[in-house]
Each structure stands twice: as structure tokens, then as C-alpha cells.
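# Working through the structure, step by step
These are the residues of each chain, in order.
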Amino acid sequence: KEIKEKPPLVMPTPPKDDPDRVNALSAEEMDKLWAECVKETASRWNESSKARDSFKKLGIAGIYYAMPKLATSSDRIETSWATSVIVGQGRKAVPLLMECLKSGNDSLRNAAMGLLGEIGDHRATEAIIPYLQNTEIVNLAYRALGNLKDAAAVPAMVETIRQRWQGRLPLG
């Protein structure tokens, strides 16, 4: 079996019209604040924190910073914090997450799909449905669509099950 090289993690560019841009920090400041947030999450996860509250105020800039951390980190605390940041932004995160679905990077795509389901915004339904045909992530797509609870996804989900049952699509 041929080993496929992973594509590099390339994030979409943040929008120029981001209303949260006034809260943006330099890359060095973001790194420092992120490290403090992860440290606080590990030691005082149930308490409010200045660093974590500051990071959440970054809005879209925080999402753009947290997403690659979520997709690449093996640290459970860091990924938990990244998830919290992104899901905490709710609907604001959806356009970026839908862009990340198109990424050639499996980790980024899979993380985005899970988060879209967790956020529960129906705008993501049509973007996730094509992944029902992808045997590598069909279960993740079903889970995300199930979490979205959008009736518009049901026909595609049923049809994919029918095709698998009839042997026209391989099982995931």
C-alpha cells in the first residue's frame, strides 16, 4: 500500500472586514496568551481566568489561532481549550470551519466537521453531506449531521445507507 504524504496545514486567510480585528494581537502576544490559557485550563479549569477571558474576546482572530492548534496538538488539555474557544464563538466560527472542510489536511477537515456538528448551525448541513460518500470519514459525517439535527440532511443520510446496504458504496 502506498503511503500518502500529508498535505501541509494551510488555514484560510482571516477576513479583512473582521469586526473583532481591533482585539487582534501580534503573533508573539497570541503565543504567550495561548500558553497561559492552556496552563490555566490545566490547573484551574473550573475557575474564571483573566487569560482565558482575554482570549475569548479575540473573536474571529482567536478562532483562526485555535483551529490549527486543535488539528495538530496531541495535548488533551490544549485540544480541549481550542475546542472551547472555537465552540464558544458559535455562529462566528461556522464560515471558517466550512472552509476548513475543503482543506487537503485530514486532521483539519475532521476537526472542523466535528466542531460544526457541535455548534449546531444548519448552514453546515450542505457542506457536510458530500462527506457521506467518503468511506474514510462517513461515520464522522453522520455524527456531525446527527448533531446538527437538520431535517434537510435526512434524505441524503437515508440514501447513503441504502447505497451501502445494496453494495453500491463500500462500508465505512
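Quick look at the structure, then.

Each value, and the rule that gives it
- Residues numbered from 1 in each chain as written.
- Predicted model: local features only at pLDDT ≥ 70, side-chain atom pairs only at ≥ 80, totals over all residues.
- Heavy atoms only, no water.
- Helix = DSSP H or I, 4+ residues; strand = E, 2+ residues; numbered from the N terminus.
- Buried < 20%, exposed > 50% of the residue type's maximum accessible area, 1.4 Å probe, protein only.
- Areas by Shrake-Rupley, 256 points an atom, 1.4 Å probe, with all protein chains shown as cover.
- Phe/Tyr/Trp six-rings, centres within 6.5 Å; stacked < 30°, edge-to-face > 60°.
- Lys, Arg positive; Asp, Glu negative; His and termini not counted.
- Salt bridge = Lys/Arg side-chain N within 4 Å of Asp/Glu carboxyl O.
- Contact = heavy atoms within 4.5 Å.
- Core = buried A, V, L, I, M, F, W, Y, C linked by side-chain atoms within 4.5 Å.
- Expected span 1.5 Å × (residues − 1).
- Arc of directions from axis to C-beta.

### With respect to the overall build of the protein chain
For the protein chain, the helix and strand inventory stands at 9 helices and 0 strands. In the protein chain, the succession of helices and strands from N to C terminus is α-α-α-α-α-α-α-α-α. Scored against the burial criterion, the 172 residues of the protein chain give a buried share of 43%. Looking at the protein chain as shown, the accessible area adds up to about 10200 Å², and 54% of this sits on carbon and sulfur atoms.

### A look at the packing of aromatic side chains
Under the criterion given, the structure shown has 5 aromatic pairs. Ring geometry for Phe55 against Trp81: centres 6.1 Å apart, planes inclined by 65 degrees, an arrangement best described as edge-to-face. Taken together, the positions of Phe55 in helix H2 (residues 50–56) and Trp81 in helix H4 (residues 76–88) put the pair 26 residues apart, joining distant regions of the chain. The class for Phe55 is buried, based on a relative accessible area of 0%. Of the aromatic side chains, those joined through ring pairs into one cluster are Trp34, Phe55, Tyr65 and Trp81.

### Observations concerning the side chain of Glu78
Tracing the backbone shows Glu78 in helix H4. No salt bridge is formed by the buried Glu78; its nearest oppositely charged neighbour, Lys69, is found at 4.4 Å. Once residues within four sequence positions are removed from consideration, Glu78 is found in contact with Trp34, Val38, Lys69 and Ser73.

### Remarks on the nonpolar core
Trp34, Phe55, Met67, Ile86, Leu97, Met113 and Ile128 are the most contacted members of the largest nonpolar core, which totals 49 residues. When residues of this core are traced back to their parent elements, those giving at least two are helix H1 (27–43), H2, helix H3 (60–72), H4, helix H5 (94–101), helix H6 (106–119) and helix H8 (138–148).

### Thoughts on helix H9 (residues 154–165)
The end-to-end C-alpha distance of H9 is 16 Å, a good match for the 16 Å that 12 residues give at a rise of 1.5 Å each. Along H9, the residues classified as buried are Met157, Thr160, Gln163 and Arg164. Angularly, the buried residues of H9 cover 125 degrees about the axis, an arc narrow enough to put them on a single face. Turned more than 90 degrees away from the buried face of H9 sit Pro155 and Trp165, all of them exposed. The inward-facing, buried residues of H9 abut H8. Just downstream of H9 lies Gly167, where phi reads positive at about 80 degrees.

### Side note on unusual backbone geometry
Its identity as a non-glycine residue notwithstanding, Lys149 has a phi of 55 degrees, on the positive side. For Lys149, the location among the structural elements is in the loop between H8 and H9. Accessibility expressed as a relative area gives 67% for Lys149, which makes it exposed.

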